[in-house]
Amino acid sequence: MASYGVDTRPAAAAAGGGGAGAAGEGALSFLSRGLREDLRLIRARAGELETFLTAPVPEPELLARLRRAYSSSAGTTRLDLSAIGKAFGTGVVGRGSRGARWGWEEVQEAEEWEPIRMVKARLREMERRRQWQATDMLHKVKLSLKSMSFVPEASEEVPPLDLGELLAYFLKQSGPLFDQLGIKRDVCDKLVESLCSKRKDHLAYNSFPTSEPSAFSNDNAGDELDLRIASVLQSTGHNYEGGFWNDGHKYETADKRHVAIVTTASLPWMTGTAVNPLFRAAYLAKSSKQDVTLVVPWLCKSDQELVYPNSMTFSSPQEQEAYMRSWLEERVGFKTDFKISFYPGKFQKERRSIIPAGDTSQFIPSKEADIAILEEPEHLNWYHHGKRWTDKFNHVVGVVHTNYLEYIKREKNGAIQAFFVKHINNLVARAYCHKVLRLSGATQDLPKSMICNVHGVNPKFLEVGERIAAERESGQHSFSKGAYFLGKMVWAKGYRELIDLYAKHKSDLEGIKLDIYGNGEDSHEVQSAAMKLNLNLNFHKGRDHADDSLHGYKVFINPSISDVLCTATAEALAMGKFVICADHPSNDFFRSFPNCLTYKTSEDFVAKVKEAMARDPQPLTPEQRYNLSWEAATQRFMEHSELDKVLSSSNRDCTTSTSGCGKSGDNKMEKSASLPNMSDMVDGGLAFAHYCFTGNELLRLSTGAIPGTLNYNKQHSLDLHLLPPQQ
């Protein structure tokens, strides 16, 4: 190797050089010694390196501590953070000569090495959190155990409910179920009051927070119990956000609200549920504060011929709408601005009424499903199989027009039928309406209902009355005729009572002729009965009450006790005539008018007739004329249906629950915010049961439904341009 001076030539060649060979031998010897010394040093270094590599390296003290800390946690499910923290917390890591060889002296010199300092801080934070969580859990367990105690402690916390309060609240909320079962509400109220009084005797409510005494100051045990339950729920942070049955997806209110008026009849059928909703739509739309849609039934031509007078028929909904608008605008005197929509309907001859075919609510678009006014809600929903009205609409008002129980009782097996219809009507009113308005006390007492006349009089009749009053002031004799009666000629419309009265007092009423105007299914029977008894009754074909030929009559006689609020009676009063009617709840609204003469007995009837024939009626005052008008009726409707409150609020400000609108400044507790209402759950359960019942065709037919009304037919789909019916 050149680096060590080794001669690589052959030996013979080197020896052949004489003196030169001796010199060469000395140089070779020198190189050989240098080479041997270098090799020795190399071997010594190699042995030293082998000794270094094979020698054991001592474990650094930090790693040893970490290993021991982990070993101490090996038998548990979580790492002992405190032991690891102590491993870092002892200060400087281990020192040693071998450690210096690997650079551990740098760690020894830097006691606050940044990565280690961050790890130590993180471990300490985790340890503190673990200890706090354990303490907080223990605190919650203690509070839960304390709340299970039935002996309230003297503290500022709201005491928990006891068994008596829970039972009282259950009874109070079960009122709708008791109503449906026929149990009187007074029994339930007395039980609730008794349970609440026992609670007061055992422990007065003075342990409540000092901010609540005003909420419990009233004497009503039911309200006090509601607020008591609400205070407990509020103290737990519970917030009730919806019912069990409803889906909560409703129309969101826009700047302009929408009102849909759904009724069971339409012109040219001159019945109350055809005429009055038409006027209501016109006067509600007149204010222009809300959009209005009138939803009426569409009948196929075969049914139109049975229902509409003089065999009048329409080939399209547009043609019938034009007729309705023309008739209405001629009477109200202004251009109507509301939409008319049609739903499929079928005429039932036996009940002489129109039954919806299919789900009526689906013919009102979801974007317009804000406020619904159901004219005759029980009639509309007897066989309703579809969306629940109170789920689709924000506010639903029912207006009861007809005393169905009175009509049904007159039929064969009427008492049994009336029993079932009564409970079905209760279910419908409770499950499908937020408010129910009864025109008079003659109707069935329904849940969520109140009595108020929300019908007015056609303005034409008020104009006739004003004209007759002006003629009388000028000395003219306006009433040239005597007494008359006008109404659909069916026995239930008062014809039975009329014939009985005239037959009983035939001699007393011999000189008083009565003209009768009307058409109907019982026309032949009514006229035959009057002829057999030889009564002084003259029969004429039916005509509009506003007809000029009827203006000259002075006395209108209406003995009917099946009406709820007779429109013809109101029209006769508006024209300034005398009205003779029975002392009956259906006539309560008319008692305040001086020209209304009521009777209790048949003898009293004769006396009232003779009194009316002997003198002239009094002219109406401006206040009386206003009370009969549709402007006043619309105002009463807005107030008693709470429609004015609903229209002036948004979904955020007011809900349609039974609690009503809440004010931000109200000091009383908002019960609906934290209190689940069992009444709503019962209503939802009844609606679900009704939905299941009406979805079965066999059950529908067994209760008198028209075959095929579960859905509309092919002719309806053609006339109304609907999708083909589902088979």
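Residues numbered from 1 in each chain as written. Predicted model: local features only at pLDDT ≥ 70, side-chain atom pairs only at ≥ 80, totals over all residues. Heavy atoms only, no water.

### Quick word on the overall build of the protein
Quick note on the threshold: Each helix is a run of DSSP H or I of at least 4 residues and each strand a run of E of at least 2, with the numbering of both proceeding from the N terminus. Exposure categories follow from relative accessible area, calculated using a 1.4 Å probe and restricted to protein chains: below 20% of the type maximum is buried, above 50% is exposed, and the middle band is partly exposed. Residue contacts are counted whenever heavy atoms from the two residues lie within 4.5 Å of one another. Here the open area of atoms and residues is found with the Shrake-Rupley method and a 1.4 Å probe, where only the protein chains shown may cover a residue.
Along the protein, the regular secondary structure elements total 30 helices and 14 strands. Considering the protein as a whole, with its 727 residues, one finds that 44% of them fall into the buried category. The long-range share in the protein, meaning contacts at least 24 apart out of those at least 6 apart in sequence, stands at 70%. For the protein, the exposed area adds up to about 38,900 Å²; of that, 55% sits on carbon and sulfur atoms.

### As for the sheet that holds strand β12 (residues 553-558)
Which entries qualify depends on this criterion: One requirement defines pairing of two strands: DSSP has to find at least two bridges between them. To obtain an axis, a line is fitted to C-alpha atoms, over the contacting stretch when the element is a helix, and the angle between two such axes runs from 0 to 180 degrees between their N-to-C directions.
Ordered in space as β11-β10-β9-β12-β13-β14, the six strands form an open sheet in which the pairing is parallel. Single-partner strands in this sheet number two, and they are β11 (537-540) and β14 (596-599). Averaged over neighbouring strand pairs, the angle between their axes works out to 25° when direction is ignored. Here strand β9 (residues 481-486) runs beside β12; their pairing, made up of three bridges, is parallel. Across the sheet, the residue bridging to K481 is Y553, located in β12. Contacts from helix α23 (residues 602-614) reach β9, β12, β13 (578-582) and β14, with the element oriented near 160° to β14.

### Digging into the packing of aromatic side chains
Heads up, the condition is: In summary, the pairing rule links any two rings of Phe, Tyr or Trp, Trp by its six-membered ring, whose centres are within 6.5 Å, and it sorts them by plane angle into stacked for under 30 degrees, edge-to-face for over 60 and tilted for everything else. We call a charge positioned over a ring when the NZ of a Lys or the CZ of an Arg lies within 6 Å of the ring centre and within 35 degrees of the ring normal.
Under the counting rule described, the total for this entry stands at 21 aromatic pairs. Between F279 and W630, the ring centres sit 5.8 Å apart and the planes meet at 20°, which makes this aromatic pair stacked. Of the two residues, F279 sits in helix α12 (residues 272-286) while W630 sits in helix α25 (residues 630-640), which places them 351 residues apart along the sequence. Residue classification places F279 among the buried residues on the basis of a relative accessible area of 2%. Between Y283 and W630 the ring centres are 6.3 Å apart and the planes differ by 15°, which places this aromatic pair in the stacked class. Taken together, the residues span a long stretch of sequence, with Y283 in helix α12 and W630 in helix α25 at a distance of 347 residues. Among the aromatic residues, ring-to-ring pairing joins Y484, F485, Y495, Y517, Y553 and F556 into one connected group. Looking at R280, its charged tip hangs above the ring of F637, at a distance of 5.1 Å from the centre.

### So, the pairing of strand β1 (residues 257-262)
What counts here: If the strands point away from the viewer and the path from the first strand over the helix to the second runs clockwise, then the crossover is right-handed.
Across the six residues of β1, six count as buried, placing the element largely inside the fold. Side chains R257, V259 and I261 project from β1 onto one buried face, and the interleaved H258, A260 and V262 project onto a second face that is buried too. In this structure, β1 lies alongside strand β2 (residues 290-298), joined through six bridges in parallel fashion. Along β2, the bridge assignment pairs V262 with V295. Crossover handedness for the path β1 to α12 to β2: right-handed. In terms of strand pairing, β1 meets strand β5 (residues 371-375) through four bridges, oriented parallel. Its bridge partner lying in β5, V262 is registered against L374.

So far we have only geometry, and geometry alone does not tell us how the molecule works.
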